[in-house]
Amino acid sequence: MNIKAFYKKNFNTLPETVFDCGGRFEILGNHTDHNHGLCLAATSDLCITAGVSKRRDLKINLYSFGFEPVNMDLTSFEINETENKSAAMIRGVAKYLVDKGYKVGGFDASTYSTIYPGAGLSSSAAFELLIGQIFNVLFNKGEIDRLTLCKAGQFSENNYFGKKSGLLDQIGVGFGNIVSIDFKDINNPKVEQIGFPFDDLCFVSVNTGGNHSTLNNLYSSIPEDMYNAAKKMGHNFLRECSPREISNPHNLTKLEKSRSLHFFTENQRVLTAIKALKEIDENKFLKMINESRLSSTNDLQNMMVEGQYDGSPLQACDRAMEILEGHGACKINGGGFAGSIICLVPISYKQKFINKMSKYYGSNNVTEVFVRSFGPRMISHR
């Protein structure tokens, strides 16, 4: 879509600036960030593009292709449960930045997204970081650092959008490239950019057609079970615990125990995968992805809504591995229960894989994705 033409259709003039922000796909570290764990993520070339013009007042008019228009102002930062979700996320990002001493203001914008909404590709985090970058460039001379923008997005996601996520999505969106993230100090996570050395592999995203944005209660149950397990073991979160502790009697429920086990084994898989990337050990890297899928299935238990195998990410992974004939790898992408999977596909299998998966999910839902090397940005200025 020509974003300038779309903006002109809505506002009868051309935008002053154009911004974009990629989504993210998760390589490893499923549901570890909120308990101070380790993650491996990548910024995706699937992105939101926005034509934007600065206003002199506090009004915001937003027209997003395929969504309800947003007409709001920033005279109040109070949470409004009946507010359009896009408006709520904008208000949440603005609230965080104002509280940190930054400026916000009004703007007119039109956006178009190639990120499947609610599919685990961080469409909400991409929107939050896009809004943050608009505030950053238009009102703060680009002086807000990337981590602050990520935290603004997470604050909005948790408090205004109503999803209790960690910071993985926002960092995966906000930094660019493949990044390893250590959340031991959750207020100052360690982020390292890592190259992808395997030219014979490509990433393919498969959107199963489900929407996990309607499953926030299931999604939120995972960090709650992990927090509860940590507290029963005398700690605040699982990163403070020893893996040996979960084998001792602490009155853990079966699900608290299995999800805690996933946390510890997933952290080790992240470390092993980072080493494999740096040592160019493709077999070990793929092994970690496939082990993560099995852990998500058996321990984390977020590969499907109970009793709903048909159309689930678990079914998609089973189909993917059958097509790949034991080559490559695949796993859940994002919060789980519905949404997308990410697949590591040998180039020699790529066309066969895309064609066969497209018969199940439609060609628009099976997409080769590339690693984007930068976070949210202004790409043109009139």
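Note that the structure is predicted; figures quoted are calculated from it, not measured. (Residues numbered from 1 in each chain as written. Predicted model: local features only at pLDDT ≥ 70, side-chain atom pairs only at ≥ 80, totals over all residues. Heavy atoms only, no water.)

1. Regarding helix α9 (residues 313-324)
Move 1: Taking 1.5 Å of rise per residue, 12 residues should cover 16 Å, and α9 covers 16 Å from first to last C-alpha, within 8% of that figure.
Move 2: Of the residues making up α9, those classed as buried are P313, L314, Q315, A316, C317, A320, M321, I323 and L324.
Move 3: For α9, the elements touching its buried residues are α8 (282-300), β9 (329-333), β10 (340-346) and α10 (350-361).
Move 4: Just downstream of α9, E325 is the residue with a positive phi angle, here 55°. (Helix = DSSP H or I, 4+ residues; strand = E, 2+ residues; numbered from the N terminus. Expected span 1.5 Å × (residues − 1). Buried < 20%, exposed > 50% of the residue type's maximum accessible area, 1.4 Å probe, protein only. Contact = heavy atoms within 4.5 Å.)

2. Concerning a positive patch on the surface
Move 1: Together, K54, R56, K103 and K141 make up a region of like positive charge exposed at the surface.
Move 2: The residue R56 is located in the loop between β2 (38-54) and β3 (59-64) in this model.
Move 3: For R56, a relative accessible area of 90% translates into the label exposed. (Patch = residues over 30% accessible without salt bridge, like charges linked within 9 Å, V, L, I, M, F, W, Y side chains within 5 Å. Areas by Shrake-Rupley, 256 points an atom, 1.4 Å probe, with all protein chains shown as cover. Salt bridge = Lys/Arg side-chain N within 4 Å of Asp/Glu carboxyl O. Lys, Arg positive; Asp, Glu negative; His and termini not counted. Charge placed at Lys NZ, Arg CZ, Asp CG, Glu CD.)

3. Details of the environment of G362
Move 1: In this structure, G362 sits in the loop between α10 and β11 (366-369).
Move 2: Distance from G362 to A152, taken between C-alpha atoms, is 35 Å for residues 210 residues apart in sequence.

4. A word on the nonpolar core
Move 1: Ranked by size, the top nonpolar core spans 74 residues in total, and within it I27, L40, F107, F135, I171 and F285 carry the most contacts.
Move 2: With 10 residues, helix α3 (residues 123-140) is the largest single contributor of residues to this core.
Move 3: Sequence-distant contacts of F107, that is, excluding residues within four places in its chain, are made with V52, S53, K54, R55, K59, I60, N61, I131, I134, F135 and L138.
Move 4: Counting residues in each nonpolar core, the second largest holds 22 residues, with V206, L314, M321 and Y361 among its members. (Core = buried A, V, L, I, M, F, W, Y, C linked by side-chain atoms within 4.5 Å.)

5. A look at the packing of α3 against helix α4 (residues 146-161)
Move 1: At a closest axis distance of 9 Å, the pairing of α3 and α4 adopts a crossing angle of 125°. One way to sum up the angle between α3 and α4 is to call them oblique. Both α3 and α4 take part in a crossing whose hand is right-handed. From α3, S124, A125, E128, L129, G132, Q133 and N136 reach across to α4, where they touch L149, C150, G153, Q154 and E157.
Move 2: Of the residues contributing to the contact of α3 with α4, the split by class is four nonpolar, six polar and two charged. (Axes fitted to C-alpha atoms, helices over the stretch in contact; angles between N-to-C directions. Parallel < 35°, antiparallel > 145°, perpendicular 65-115°, else oblique. Left-handed = near helix turned anticlockwise from the far one by under 90°. Nonpolar A, V, L, I, M, F, W, Y, C, P; charged D, E, K, R; others polar.)

6. Topic: the sheet that holds β10
Move 1: Taken in spatial order, the four strands of this open sheet run β9-β10-β8-β11, and their pairing is antiparallel. Edge positions in the sheet fall to β9 and β11, since each of these pairs with one other strand and no more. For this sheet, the mean inter-axis angle between neighbouring strands, taken without regard to orientation, is 25°.
Move 2: In this structure, strand β8 (residues 201-207) lies alongside β11, joined through four bridges in antiparallel fashion. Counterpart to S205 in the pairing with β11 is T367.
Move 3: Taken strand by strand, α8 contacts β8, β9 and β10, and its axis lies near 45° from that of β9.
Move 4: On the sheet, α10 packs against β8, β10 and β11 and is oriented at approximately 5° with respect to β8. (Pairing = 2+ DSSP bridges.)

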